[in-house]
Protein chains: 2
Amino acid sequence: MNSDIIKNLEYVKKVEKEIMTYSHAAAILSYDQETICPPKGMEEQGEVKAFLENQAFKLTKDEKFIEASEYLYEHRDELDEWDRTLADQLHRGYMKEKNITPEKMMEFSLVYNKAFVDWSEARAESDFSKFRDSLARVIEINKEIIKIRDIKNGGSVYDQLLDDYERAITSEKLDECFGKCKERLLPLLKKIMNSKKTIRRDFMSIEVTDEQQAKMAKWLLQTIDFDLERGAFTTSEHPFTDGLGKDDIRVTTHYYPNYFAGSIYSIVHEGGHALFESLQPKENYEHFINGGKTMGMHESVSRMYENRIGRSKEFVHLIYPKVCEVFPQVMEGVTENELYEALNIVEPSLIRTEADELTYTFHIIIRYEIEKDLIEGKLTVDEVPKVWNQKYKEYLGIEPETDRDGVLQDVHWTFGFGYFPAYAIGNMYNAMYYNRMKNEIDINDLVAKGDFAAINNWMKENVFKKADRLTPSEWIKDITGKELDADEFLDYLEEKYTELYEL
Amino acid sequence: MNSDIIKNLEYVKKVEKEIMTYSHAAAILSYDQETICPPKGMEEQGEVKAFLENQAFKLTKDEKFIEASEYLYEHRDELDEWDRTLADQLHRGYMKEKNITPEKMMEFSLVYNKAFVDWSEARAESDFSKFRDSLARVIEINKEIIKIRDIKNGGSVYDQLLDDYERAITSEKLDECFGKCKERLLPLLKKIMNSKKTIRRDFMSIEVTDEQQAKMAKWLLQTIDFDLERGAFTTSEHPFTDGLGKDDIRVTTHYYPNYFAGSIYSIVHEGGHALFESLQPKENYEHFINGGKTMGMHESVSRMYENRIGRSKEFVHLIYPKVCEVFPQVMEGVTENELYEALNIVEPSLIRTEADELTYTFHIIIRYEIEKDLIEGKLTVDEVPKVWNQKYKEYLGIEPETDRDGVLQDVHWTFGFGYFPAYAIGNMYNAMYYNRMKNEIDINDLVAKGDFAAINNWMKENVFKKADRLTPSEWIKDITGKELDADEFLDYLEEKYTELYEL
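Here the structure is a predicted model, which is why all the values come from computation and not from measurement.

A.B. asks: Describe the overall build of chain A, with residues and values.
C.D. replies: Within chain A one finds 22 helices and 3 strands. Its C-alpha atoms give chain A a radius of gyration of 23 Å, within 12% of the compact-globule value 23 Å for 503 residues. Once the C-alpha set of chain A is aligned to its principal axes, its extents read approximately 70 × 50 × 45 Å. Split into buried and exposed, the 503 residues of chain A put 44% on the buried side. Nonlocal contacts in chain A, meaning residues at least 24 apart in sequence, comprise 72% of its contacts between residues at least 6 apart.

A.B. asks: A description of the interface of chain B and chain A should follow, citing residues and the corresponding values.
C.D. replies: Between chain B and chain A, the contact holds 29 residues from the first and 29 residues from the second. Counting residues per element, the side of chain B that touches chain A draws most heavily on helix α1 (residues 3-35) of chain B, which supplies 6 residues. Of the residues that constitute the side of chain B that touches chain A, the class distribution is 13 nonpolar, 7 polar and 9 charged.

A.B. asks: Residue-level account of the packing of helix α16 (residues 357-375) of chain A against helix α18 (residues 420-440) of chain A, with values.
C.D. replies: Residues and elements named next belong to chain A. At a minimum axis separation of 8 Å, α16 and α18 run at an interaxial angle of 145 degrees. The chirality of how α16 crosses α18 is left-handed. Along the contact surface, α16 presents Thr 361, Ile 364, Arg 367, Tyr 368 and Glu 371, while α18 presents Phe 420, Pro 421, Tyr 423 and Ala 424. When grouped by side-chain class, the residues that make up the contact of α16 with α18 number 6 nonpolar, 1 polar and 2 charged.

A.B. asks: Which residues make up helix α10 (residues 260-278) of chain A, and what are the values?
C.D. replies: Since one α-helical turn is 3.6 residues long, residues separated by three or four positions face the same way. With 19 residues, α10 of chain A should reach 27 Å at 1.5 Å per residue; the first-to-last C-alpha distance of 27 Å fits that figure. The buried fraction of α10 of chain A is high, at 19 of 19 residues.

A.B. asks: Tell me what's going on with the relation of the copies chain B and chain A, and back it up with residues and numbers.
C.D. replies: For the pair chain B and chain A, the superposition axis carries a translation of 0.0 Å, the fit reaches an RMSD of 0.0 Å, and the rotation angle comes to 180 degrees. Considering both components of the superposition, the chain copies are consistent with a two-fold axis.

A.B. asks: Kindly report on the domain arrangement of chain A, identifying the contributing residues and their values.
C.D. replies: Residues and elements named next belong to chain A. Assigned domains within chain A: domain 1 (3-151) and domain 2 (171-500). Relative to domain 2, the C-alpha centre of domain 1 lies at a distance of 27 Å. Secondary-structure elements contributing two or more residues to the side of domain 1 that touches domain 2 are α1 (3-35), α4 (81-97), α5 (102-125) and α6 (129-147). Broken down by element, the side of domain 1 that touches domain 2 gets its largest block of residues, 9 residues, from α1. Residues that form the side of domain 1 that touches domain 2 fall into these classes: 17 nonpolar, 7 polar and 9 charged.

A.B. asks: I'd like a rundown of the packing of helix α2 (residues 42-60) of chain A against α1 of chain B, residues and numbers included.
C.D. replies: Interaxial distance between α2 of chain A and α1 of chain B falls to 10 Å at its minimum, and their mutual angle equals 105 degrees. Here α2 of chain A lies roughly perpendicular to α1 of chain B, going by the angle between them. Taking contact as the criterion, the partners of Val 48, Phe 51 and Leu 52 of chain A in α2 of chain A are, on α1 of chain B, Thr 21, His 24 and Ala 25 of chain B. When the residues that make up the contact of α2 of chain A with α1 of chain B are grouped by side-chain class, the tally is 4 nonpolar, 2 polar and no charged.

A.B. asks: Mind laying out the environment of Asp 127 of chain B, listing which residues take part and the relevant values?
C.D. replies: Residue and element names in this part refer to chain B. Locating Asp 127 in the fold gives a position in the loop between α5 (102-125) and α6 (129-147). For Asp 127, a count of 15 C-beta atoms within 10 Å translates into the label partly exposed. For the pair Asp 127 and Val 407, spaced 280 residues apart in sequence, the C-alpha separation works out to 9.8 Å. Setting aside anything within four residues of it in sequence, one finds Asp 127 in contact with Ala 122 and Asp 403.

A.B. asks: So, unusual backbone geometry: which residues are in play, and what are the values?
C.D. replies: Leave glycine aside and you will find that most residues have negative phi; peptide bonds, for their part, are mostly trans. Non-glycine residue Ala 168 of chain A carries a positive phi angle of around 70 degrees. Looking at the secondary structure, you find Ala 168 of chain A in the loop between α7 (157-165) and α8 (171-194).

A.B. asks: I'd like to hear about the sheet that holds strand β2 (residues 241-245) of chain B, residue by residue, with values.
C.D. replies: Residues and elements named next belong to chain B. In spatial order, the strands read β1-β3-β2; together these 3 strands make up an open sheet with mixed pairing. Bordering the open sheet on either side are β1 (231-235) and β2, each of which pairs with just one other strand. Averaged over all neighbouring strand pairs, the angle between strand axes comes to 20 degrees, with direction disregarded. Summarising the sheet, β2 and strand β3 (residues 248-253) pair through 4 bridges and their orientation is antiparallel. Residue pairing across strands places Gly 243 opposite Ile 249, the latter belonging to β3. Against the sheet, α1 makes contact with β1, β2 and β3, and its axis sits at roughly 145 degrees relative to β2, the strand it touches most.

A.B. asks: Give me the sheet that holds strand β1 (residues 231-235) of chain A: which residues, what numbers.
C.D. replies: All names here are of chain A. One open sheet holds the 3 strands; their spatial order is β1-β3-β2, and the pairing between them is mixed. Since the sheet does not close on itself, it has two edges, and those belong to β1 and β2 (241-245), each with one partner. On average, each strand axis in the sheet is inclined to that of its neighbour by 20 degrees, with strand direction left out of account. Against the sheet, α1 makes contact with β1, β2 and β3 (248-253), and its axis sits at roughly 145 degrees relative to β2, the strand it touches most.

Thresholds, definitions, all that
- Residues numbered from 1 in each chain as written.
- Chains lettered and ligands numbered in written order.
- Predicted model: local features only at pLDDT ≥ 70, side-chain atom pairs only at ≥ 80, totals over all residues.
- Helix = DSSP H or I, 4+ residues; strand = E, 2+ residues; numbered from the N terminus.
- Rg over C-alpha atoms; globule rule 2.2 N^0.38 Å.
- Buried ≥ 20, exposed ≤ 12 C-beta atoms within 10 Å, placed from the backbone.
- Contact = placed C-beta atoms within 7 Å.
- Nonpolar A, V, L, I, M, F, W, Y, C, P; charged D, E, K, R; others polar.
- Axes fitted to C-alpha atoms, helices over the stretch in contact; angles between N-to-C directions.
- Left-handed = near helix turned anticlockwise from the far one by under 90°.
- Expected span 1.5 Å × (residues − 1).
- Least-squares fit on C-alpha atoms with pLDDT ≥ 70 in both.
- Domains from an automatic or database assignment.
- Parallel < 35°, antiparallel > 145°, perpendicular 65-115°, else oblique.
- Pairing = 2+ DSSP bridges.

Right, dumping it as structure tokens:
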């Protein structure tokens, strides 16, 4: 490396360190807002957070920093793989944000913050009209963000929004994958609905306490081998995971008194995210590239732990004694197989986060179709609740009675569009790499024994290690040798439910 | 006001707004560290917090800001009372900190942060040696801070540290007040110890759950009329209150399974702080002077709610039915009078925060005498645990068996010296203004009825309103017409315990 490269690298890393410090602080404030901040304190704290984000943003706008990072990008072939990724990420970020002034950024932050506050209120009161204006503003600024970008990835405005969460994915690819899903899953769903199989479910809605659920949640995090010395868990309205620092990974969950299974799968899902964050190479932090994982990659991991592992016979075998111990009022007289079947009931329902593995995809397809139409101007904000309900009727045959159980259930539209498809892509990715994993380690046996160290280690070496340095298509090819495709996911669902429902 | 004053005021307030923003963020991080941050994430978060505090500190060092605020101080007679207070506070802060460079400030922040981390570990393991080095460093930097200050308030180094918490109080005054306490309370304690009165206490250590205590705590906060829409409560190792924003006042408490009363009085104490923060004039925030309350003022309020009100017959009458409802396993067969007496048992004990009103003062005197000697070099750090134990023996006739129950019980020495006396001064202040309050409103009747709105309103108008704009001696004179003195506090204790113990 020549001395200019060294000098520029040092400078860039010095500024990156400061940016990460502001981001860390802002992330703690976000976490606080979602977990404990009192209602009337939200707005002021939102302003504080916006200020910090703006300070970080101003640093990325510093000319000397931009010059240095663009210099590194031009000389990227002379850098090692970690620094090359940093240079790539910075260049990509710069191209996306070069025309966004600090004032604009501040304006955007305030809009997102207000949207979150409005959504929280609207949801509490189950009244979409209280969120309507904020949603319209979030759409406007998302379009504005794309409009003022110099870089164009080709494709539509919506494709460019998608790119922010899942690099280089296109709505054409999604239409293809979701098309296959509709084609194979709608008939499968119909067969299941018509099947004679009866699954016992009376115990699923027996009331449990928050304390019982907290006890179960903690045990599950320990069981999947997440290190609570490097993390914390608490509750929030919408569960999430936040990697605040290299040794500080926070998981939240949510308890419903009449749905004990919700707390199990919420925590295993978030636990998957947390494992991904906590088992990444420490070099990711040292080189400031730990934000390189895409949402699709992240969801592939969380949903593998939640569903592919979490709803398997072996996992139910593993947790059955603990579930009996923690929820005696639920489990009296319930066999292990009854628990397995009940946790895998397929049934159209209104709430995405509680959906079974099969109907889940339709929750995503509905959101995908709506947000794409919203961005493309084919749908107005005021029509959203109606269209939402119509699509639920069309795909799942049911309709929400309230906005709270309908269009207001998810937080995502308070900050943007293009995130939801990542959940579904995640299912497809993990179906692909799970097929490789089961050829290399005896996954069923390891799950049944609760040996998560071995599973997590396979994931660390094969799935987590390069995630921040590769594009999603490079990454899935690196793991499996193939391009993204829905087939292996659909094969898995057909096989699983054909057996379970004796089709 | 001339245009220069207006210009300087505007500039100063613009910078103050930014400083407050950084401080707000840093306060959230502190709160997070004390309530949920995982052990291994503490250090990194401490660095982030130190960075934010340093950013704020750098702003106070900006020449233009100093010039503007010193200009305002020179023209303070032309300002309204709010802006005059701001100019006073800024001048005082400037004089105290003008010789502290941002680098020094960063160094200090890191020392305090490390001290907190070390103390947490030392306390968990009950091992003073793990805190020893950090304590020595905190002493060093406190001496250094005083040494490099331009402003001298006369008196010793320790007097100048005291001044940071209780403006212009002196160790001479404290020696006088504490001298009176020893003179009148040691004989009173002896009489009580020799009294024939038996107080039933078997039920006081019956095991209760965290959930029961949380339920009681929430009810108590509501009962004393603290607005939970503008505040939150949770648990931490050492309970505290933090006014993070004008509508965001956080209270923490701590639960002990075998001491249900601890959770009651911890929350009423912190609730007193929270009322003081939440019922101050909104102008305090608008003029950035809400940090003007001294620790002694603050403790006077919290300890009035906790003890003078909280341990009165009327308050016990008010809470008795709820205590019976929430803690049935404790209260079966316990009368209201038995509860009142048990909550007022005088008994030498090891833990300050659980001490009765009488022996409490000795907990403070011990800490006061030790920290004064530490600062004055009459005592070494290594001698502290031994001297701590000796003094407990001398004043209270008991000795801790572990550092955890001894010298490591309080967080305060992780950040400095001169705080503890504020607790005792607080008792003396509130005894003085309580005597005025009871002449003006029927406090006993209001407490018994649970009409805290009326009590809080009297406090707001007479005690809270001017606290940020007056020195402690101006303030207590404004409320009572008198100077600080221990007599009214000692009269109260003698009268209360003479009756209770039938002396």
